[in-house]
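If you want the building blocks of each chain, they are given just below.
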Amino acid sequence: MKIAYCIPSLYISGGMERVLTIKANYFADELGYDVTIIMTDGGMKPPYYELSPKVHLIQLNIDFEVLWTLPLFKKALVYLEKQRLYRRKLTECLLRLKPDITVSMLRREINFICDIHDGSIKIGEIHINRDNFRDFDGRDKNPIKKLASEIWMKQLIRQLKRLRLFVCLTEEDKAKWTELDNVIVMPNPLSFNTKNYSNCEKKRVIAVGRYVHEKGFDMLIKAWSSIVVKHPDWNLYGYGKGDRTLYQNIVEQLHVERSCHLNGEEKQIEKQYVESSIYMLSSRFEGFGLVLLEAMSCGIPPVAFSCPYGPKAIIKDGVDGYLVENGNIKQLADKVNYLIEHNDIRKMMGRNAGETAKKYNINCVGGKWNEIFENLLKEK
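Residues numbered from 1 in each chain as written. Predicted model: local features only at pLDDT ≥ 70, side-chain atom pairs only at ≥ 80, totals over all residues. Heavy atoms only, no water.

Asks: Explanation requested: the overall build of the protein chain in the structure shown.
Replies: On a plain count of helices and strands, the protein chain comes out with 12 helices and 13 strands. Taken over the C-alpha atoms alone, the protein chain extends approximately 65 × 50 × 40 Å along its principal axes. Residues counted as buried form 54% of the 380 residues belonging to the protein chain. Within the protein chain, contacts between residues at least 6 apart in sequence are counted, and of these 66% link residues at least 24 apart. Within the structure as shown, the protein chain displays about 17,700 Å² of accessible surface, and the carbon and sulfur contribution to it stands at 52%. With 56 positive and 48 negative side-chain charges, the protein chain shows a separation of 3 Å between the mean positions of the two kinds. (Helix = DSSP H or I, 4+ residues; strand = E, 2+ residues; numbered from the N terminus. Buried < 20%, exposed > 50% of the residue type's maximum accessible area, 1.4 Å probe, protein only. Contact = heavy atoms within 4.5 Å. Areas by Shrake-Rupley, 256 points an atom, 1.4 Å probe, with all protein chains shown as cover. Lys, Arg positive; Asp, Glu negative; His and termini not counted. Charge placed at Lys NZ, Arg CZ, Asp CG, Glu CD.)

Below is the structure:
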């Protein structure tokens with residue numbers, strides 16, 4: 001089976017890049033697929049995550065990233081020219097490769113992928129929820145932006161209808177795509193298979209995510225400031241990429257420097273999970289919540305905001321973790337306090353969390369993908 005994926009690049013440490021790498025490696029190494037990943041940006045920069053030598057990479061060198069450096073009046077003209085170049089190069093590439101299935105990661109190729117007549121079945125994957133895709137979430141009241149959002153979404157829907165399949169991450173998000181009848185749900189696979197598990201005895205809480213508004217580290221720190229009053233011998237460790245300055249200022253304002261430790265990105269994050277006893281997720285929204293699964297796979301019970309759109313699909317409230325009202329800082333703190341104060345429940349939920357996570361290993365998720373691909377080819 002020949003599969004081609006279209007993605008901007010693999011050199012950054014993003015969730016979409018990580019998930020694609022896991023799937024591509026599994027398809028090539030375990031199922032014997034002929035897998036090609038076609039990129040537009042990043043030049044000769046190596047993939048951030050380890051990629052199987054059996055996976056082929058094609059760099060089209062469109063360089064959309066140059067748009068970030070251009071003044072506004074130049075961006076539109078340069079974008080249109082690069083989009084034309086991308087369409088021509090991707091068409092030539094797919095006609096040469098002749099894949100059985102071409103997968104768009106819903107970037108710039110979604111505008112024309114169905115017009116490329118290379119004989120492949122076209123499907124699309126979205127790695128964030130509809131409401132927050134490209135930040136068109138309806139909160140901005142600027143009438144020009146609102147009009148642009150509506151026009152863009154209508155254009156997107158027209159293209160998505162033409163796909164054989166459109167794949168989203170949760171049932172909750174699937175329900176948002178009311179205009180489509182080709183939507184299926186496929187969760188992300190776990191990013192690692194661990195044999196190491198936390199004993200949930202260390203007085204250590206962990207949070208992982210980029211230091212950006214959507215991940216809610218401001219609310220996390222506020223919740224922690226009340227937790228540490230009751231439990232001054234416990235510590236919170238945060239890990240992620242991005243500028244921590246804003247959040248470090250909140251730590252200092254709330255005088256929790258001695259117990260709240262904000263760190264940069266950690267490549268050996270599995271070790272940090274195993275050394276922890278509780279996971280906190282304070283996101284305002286998620287596409288899925290892969291970090292939840294990572295923590296749970298290491299036997300850590302999570303306490304998470306019931307934010308759109310991932311945690312409710314993963315956590316069984318009261319069984320393998322706790323869900324609290326989205327944005328309710330007091331509830332978040334109360335449930336963490338409860339787990340700190342009840343060792344037996346914390347350990348029991350940790351064991352349950354480890355069992356829950358097993359359903360998301362790459363053998364399970366990859367097997368479901370294989371079934372989907374085989375059925376598509378039978379119907380071709």
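Asks: I tried to follow the sheet that holds strand β6 (residues 165-168) on my own but got confused; where do I start?
Replies: Through backbone hydrogen bonds, the strands of a sheet pair up, either in parallel or in antiparallel fashion. With parallel pairing, seven strands are arranged side by side in an open sheet as β3-β2-β1-β4-β5-β6-β7. Lying at the two open borders of the sheet, with one neighbouring strand each, are β3 (56-59) and β7 (183-185). Between one strand axis and the next, the sheet turns by 25° as a mean value, whatever way the strands run. In this structure, strand β2 (residues 34-39) lies alongside β3, joined through four bridges in parallel fashion. Pairing of I37 across the sheet is with L57, part of β3. On the sheet, helix α2 (residues 72-97) packs against β1 (2-7), β2, β3 and β4 (101-104) and is oriented at approximately 170° with respect to β2. (Pairing = 2+ DSSP bridges. Axes fitted to C-alpha atoms, helices over the stretch in contact; angles between N-to-C directions.)

Asks: It is not clear to me how the packing of helix α5 (residues 217-230) against helix α10 (residues 329-341) should be interpreted in this structure. Could you clarify?
Replies: Each pair of packed helices can be described by the angle between their axes along with the distance between the axes. With their axes 9 Å apart at the nearest point, α5 and α10 run at an angle of 45° to one another. The angle between α5 and α10 falls in the class oblique. Between α5 and α10 the crossing geometry is right-handed. In contact with M219, K222, A223, S226, I227 and K230 of α5, α10 contributes I329, L332, A333, V336, N337, I340 and E341. By residue class, the composition of the contact of α5 with α10 is eight nonpolar, two polar and three charged. (Parallel < 35°, antiparallel > 145°, perpendicular 65-115°, else oblique. Left-handed = near helix turned anticlockwise from the far one by under 90°. Nonpolar A, V, L, I, M, F, W, Y, C, P; charged D, E, K, R; others polar.)

Asks: Help me understand the nonpolar core, please; the structure alone is not making it clear to me.
Replies: Soluble globular proteins tend to pack their nonpolar side chains together in the buried interior. Formed by 61 residues in total, the largest nonpolar core has its most connected members in W224, Y273, Y279 and M280. Ranked by the residues each element gives to this core, the list is headed by α5, at eight residues. When residues no more than four places from it in sequence are discounted, the contact partners of W224 are V205, W234, N235, L236, V256, S259, C260 and M280. Grouped together as the second largest cluster of nonpolar side chains are 32 residues, I38, L90, I110 and I157 included. (Core = buried A, V, L, I, M, F, W, Y, C linked by side-chain atoms within 4.5 Å.)

Asks: Can you help me understand the packing of aromatic side chains in this one?
Replies: For any pair of aromatic rings, geometry is given as the distance between the ring centres together with the angle between the planes. Tallied over the full model, the rule gives 17 aromatic pairs. Their ring planes at 75° and their centres at 5.9 Å tell us that F64 and Y86 sit as a pair that is edge-to-face. Here F64 is found in the loop between β3 and α2, whereas its partner Y86 is found in helix α2, with 22 residues between them in sequence. Across the pair, exposure class does not vary: F64 and Y86 are buried alike. (Phe/Tyr/Trp six-rings, centres within 6.5 Å; stacked < 30°, edge-to-face > 60°.)

Asks: Please clarify how α5 should be interpreted in this entry.
Replies: Residues spaced three or four apart along an α-helix face the same direction, because each turn holds 3.6 residues. Here α5 contains 14 residues, and its C-alpha end-to-end distance of 20 Å stays within 8% of the 20 Å for a straight helix at 1.5 Å per residue. Buried residues dominate α5, accounting for 10 of its 14 residues. Along α5, the positions that sit buried rather than exposed are F217, D218, M219, L220, I221, A223, W224, S225, I227 and V228. (Expected span 1.5 Å × (residues − 1).)

Asks: Looking at this structure, how should I read the pattern of salt bridges?
Replies: Note on pairing: side chains with opposite charge can pair once their charged atoms come close. The tally for this structure, following the rule as stated, stands at 21 salt bridges. A salt bridge links D334 to K330; the nearest nitrogen and oxygen atoms lie 2.8 Å apart. One end of the pair, D334, and the other, K330, are both in helix α10, four residues apart, so they sit about a helical turn from each other. Among the residues examined, D334 registers a relative accessible area of 35% and is labelled partly exposed. Classification of K330 by relative accessible area gives exposed; the value is 60%. Put simply, R210, E214, K215 and E286 are held in one network by salt bridges that share partners. (Salt bridge = Lys/Arg side-chain N within 4 Å of Asp/Glu carboxyl O.)

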